Amino acid sequence: MTVRLHREVNQVKADLMKLCGNVEKQVEQAVLAVENRDPELARRVIETDDQIDIDEVRMEERLLVLLTLYQPVAIDLRYLVAILKINNDLERIGDLAVNIAKRVKFLCRNRFSIDFKSFDDMTEKSVSMLDKSLQALVNMNPDTAYSVCKADDEVDDLNRSMYDILKDKIRENPDQMNAYIDIMHVSRCLERIADLATNIAEDVIYICNGTIVRHRLGD
């Protein structure tokens, strides 16, 4: 790696860590807004999305310039290609956080009753997977990344459980159907966040080991 490329890659890492922190905060606040039915917090989550979009585009432009200008090879190429994908996944996670936050104003308008235990378990697991995938990225730790990949099935199971619970609730309380559909939407967003966290973890493994593990870990 040339000195100039090394300097550029270090700046990419710094910018990526900032984006990671902002996206993780966005998800945590969106979930908190749902749990507390806090429209003001939800509004702040939605307002931060434009900046995340801007940062994602800037990162992509910089990465494409580096790939074209320096034509890196081996681990440097793996790193930059993987970060290009991770950058996109982070932006998509931010969009999902906004989708969650947008449900809050509708939930505030509806009366409904539900045991949030399954929802809380799913929230905790999804946010934990995101946090661990970002830790794996910061520390370039494939072991942590593998643990994230293995946890994805648990979130899928929790999402299916939430759907079953909510379908029963709709049958029991059809007048509260809109609220339960909104919670289904939030549950689906959390499941997608877990999927994207898994994508990030798989890319960390690729950076560290040069191994593409996508579609293999469940075999």
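Here we summarise the structure given alongside this text. (Residues numbered from 1 in each chain as written. Predicted model: local features only at pLDDT ≥ 70, side-chain atom pairs only at ≥ 80, totals over all residues. Heavy atoms only, no water.)

As enumerated under the stated definition, the model contains zero aromatic pairs in all. Positioned over the ring face of Y79 is K13, at 5.4 Å from the centre of the ring. (Phe/Tyr/Trp six-rings, centres within 6.5 Å; stacked < 30°, edge-to-face > 60°. Lys NZ or Arg CZ within 6 Å of the ring centre and 35° of its normal.)

Across all of its chains, the model carries 14 salt bridges by this definition. If you follow the salt bridges from partner to partner, you end up with E40, R43, R44 and E47 in one network. (Salt bridge = Lys/Arg side-chain N within 4 Å of Asp/Glu carboxyl O.)

Roughly 190 Å³ of internal volume is contained in the second largest pocket. If you go around the second largest pocket, the residues you meet are D15, K18, L19, D55, R58, M59, E61 and R62. Those elements giving two or more residues to the lining of the second largest pocket turn out to be α1 (3-36) and α3 (49-70). At five residues, α3 tops the list of elements feeding residues into the lining of the second largest pocket. Tallied by class, residues from the lining of the second largest pocket come to two nonpolar, no polar and six charged. (1 Å grid on protein atoms, 1.4 Å probe; cavity = no way out; pocket = protein on both sides within 12 Å on 5 of 7 lines; lining within 4 Å. Points joined across faces, edges and corners; volume = space filled by probe spheres on them. Helix = DSSP H or I, 4+ residues; strand = E, 2+ residues; numbered from the N terminus. Nonpolar A, V, L, I, M, F, W, Y, C, P; charged D, E, K, R; others polar.)

Attention now moves to the environment of E24. With respect to the helices and strands, E24 occurs in helix α1. In this structure E24 comes out as buried when scored by relative accessible area, which is 14%. Placed 17 residues apart in sequence, E24 and L41 show a C-alpha to C-alpha distance of 15 Å. Excluding its chain neighbours within four sequence positions, the residues that come into contact with E24 are L130, D131 and L134. (Buried < 20%, exposed > 50% of the residue type's maximum accessible area, 1.4 Å probe, protein only. Contact = heavy atoms within 4.5 Å.)

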